[in-house]
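Architecture at a glance
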Amino acid sequence: MGSVQRAEMEQYLNQALAADRFKDYGPNGLQVEGRAEVRRLVSGVTASRALIEAAIADGADAILVHHGLFWRGQDGRLTGWLAERVRLLMAHGINLFAFHLPLDAHAEWGNNAQLGLQLGLAADARFGEQDLGFIGDGGGVPLQALARRVQDRLGRAPLVLPGDGRPLRRIAWCTGGAQGWFEAAIAAGADAFLTGEVSEPQAHLARETGVAFLACGHHATERYGAPALAAHVAERFGLQHRFIDIDNPA
Ligand SMILES: [Zn+2]
């Protein structure tokens, strides 16, 4: 097994994901600096305390996640639960890499691309802000068949807001909390839109536009990008890699 300098890994990741091209809600890339050399990499969805503790037990030098520690709207203080997460990372010399929107968007390792692979969907176009939404051929399947596929592949029954029962010729998707993009998906020609979460307005929009909406779980839809990217990086630099899934019903 090989190793890589943290700085080289940081540069490679930032470049591969075109991280500086995105307007985001938090800093992308290296969020917490640990030791200079990386041999063992752990990937996960969120830099929660449970994931950090599991990575420590695994002897990780770096953690790669989709949801990092720092978000717009925080007041900048390292106290309470946030202090505890940072303390654990720093005490064990673990580097934390986090990529939010750049990881949603990436055409190969991204959350949307990887969720598409899970569900047998391939995008032939993008829509929405920063081209983050994916849309492609649905093959005219009935909504029930798509819902069953989601349940089979993600291990979780989606919350389904039926549209007008039309066959699904165009299916749009965006992982995580993209319920606010339902209208953009409809405008892009979708017969169904699939995302992680749902809010109250989407039920009315589904009824009034005839376009179906499936809420498949924020965590459940964003479980695939970080391990795909980490596996690629591990292969490139000869690192050991383990994806640690911390269960989350939301
Ligand atoms: Zn997310």
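Below is a summary of the structure that appears in this document. Since we're looking at a predicted model, the values are computed, not measured.

1. Brief notes about the overall build of the protein chain
Across its full length, the protein chain holds ten helices and 13 strands. Scaling as 2.2 N^0.38, a compact globule of 250 residues should have a C-alpha radius of gyration of about 18 Å, and the protein chain matches this with 19 Å. The C-alpha extent of the protein chain, read off along each of the three principal axes, is 55 × 35 × 30 Å. Put simply, 68% of the contacts in the protein chain that link residues at least 6 apart link residues at least 24 apart. Accessible surface computed for the protein chain: about 11300 Å², of which carbon and sulfur atoms make up 49%. Charge-centre separation for the protein chain: the mean point of 23 positive side chains lies 3 Å from the mean point of 28 negative side chains.

2. So, the environment of Gly 29
Among the secondary structure elements, Gly 29 is positioned in strand E2 (residues 29-32). Classification of Gly 29 as buried rests on a relative accessible area of 0%. Separated by 15 residues in sequence, Gly 29 and Asn 14 place their C-alpha atoms 6.2 Å apart. With near-sequence residues (within four places) excluded, Gly 29 lies in contact with Asn 14, Leu 96, Phe 97, Ala 98 and Phe 99.

3. A few points about the coordination of the zinc ion
In ideal tetrahedral geometry, four donors around a metal make angles of 109.5 degrees, whereas ideal octahedral geometry with six donors gives angles of 90 or 180 degrees. Summarising the metal site, the zinc ion is bound by the protein donors His 67 (NE2), His 218 (NE2) and Glu 222 (OE), whose distances to it range over 2.0 to 2.2 Å. For the zinc ion, the donor residues sit on a single chain with the sequence spacing H-x150-H-x3-E. Classification of Glu 222 as buried rests on a relative accessible area of 3%.

4. So, the environment of Glu 84
Looking at the secondary structure, you find Glu 84 in helix H3 (residues 80-91). When its relative accessible area of 23% is taken as the criterion, Glu 84 is described as partly exposed. Spatially, the C-alpha atoms of Glu 84 and Trp 71 are 17 Å apart, while their sequence positions differ by 13 residues. Polar side-chain contacts of Glu 84 include one of 3.1 Å to the side chain of Arg 87.

5. Notes on the pattern of salt bridges
Enumeration according to the criterion identifies twelve salt bridges in this entry. The partner of Asp 75 in a salt bridge is Arg 77, and the shortest N-O contact between them spans 2.7 Å. In this structure, the salt-bridge partner of Arg 166 is Asp 191, at a minimum N-O distance of 3.0 Å. With Arg 166 in the loop between strand E9 (159-161) and strand E10 (168-173) and Asp 191 in the loop between helix H7 (182-187) and strand E11 (192-195), the pair connects residues that are 25 residues apart, well separated along the chain. Note on Arg 166: relative accessible area 26%, which makes it partly exposed. Here the residues in one salt-bridge network are Arg 40, Asp 58 and Arg 242, joined through shared partners.

6. Some details on the side chain of Gln 179
Note on placement: Gln 179 falls in the loop between E10 and H7. On the basis of relative accessible area, Gln 179 is assigned to the buried category, the value being 11%. Setting aside chain neighbours within four positions, we find Gln 179 in contact with Thr 195, Glu 197, Val 198, Ser 199, Gln 202 and Phe 213.

Parameters at a glance
Residues numbered from 1 in each chain as written. Predicted model: local features only at pLDDT ≥ 70, side-chain atom pairs only at ≥ 80, totals over all residues. Heavy atoms only, no water. Helix = DSSP H or I, 4+ residues; strand = E, 2+ residues; numbered from the N terminus. Rg over C-alpha atoms; globule rule 2.2 N^0.38 Å. Contact = heavy atoms within 4.5 Å. Areas by Shrake-Rupley, 256 points an atom, 1.4 Å probe, with all protein chains shown as cover. Lys, Arg positive; Asp, Glu negative; His and termini not counted. Charge placed at Lys NZ, Arg CZ, Asp CG, Glu CD. Buried < 20%, exposed > 50% of the residue type's maximum accessible area, 1.4 Å probe, protein only. Donors = N, O, S within 2.8 Å, 3.2 Å for Na, K, Ca; no water. Polar contact = N/O pair within 3.5 Å; in protein donor to acceptor, adjacent residues only side chain to side chain. Salt bridge = Lys/Arg side-chain N within 4 Å of Asp/Glu carboxyl O.

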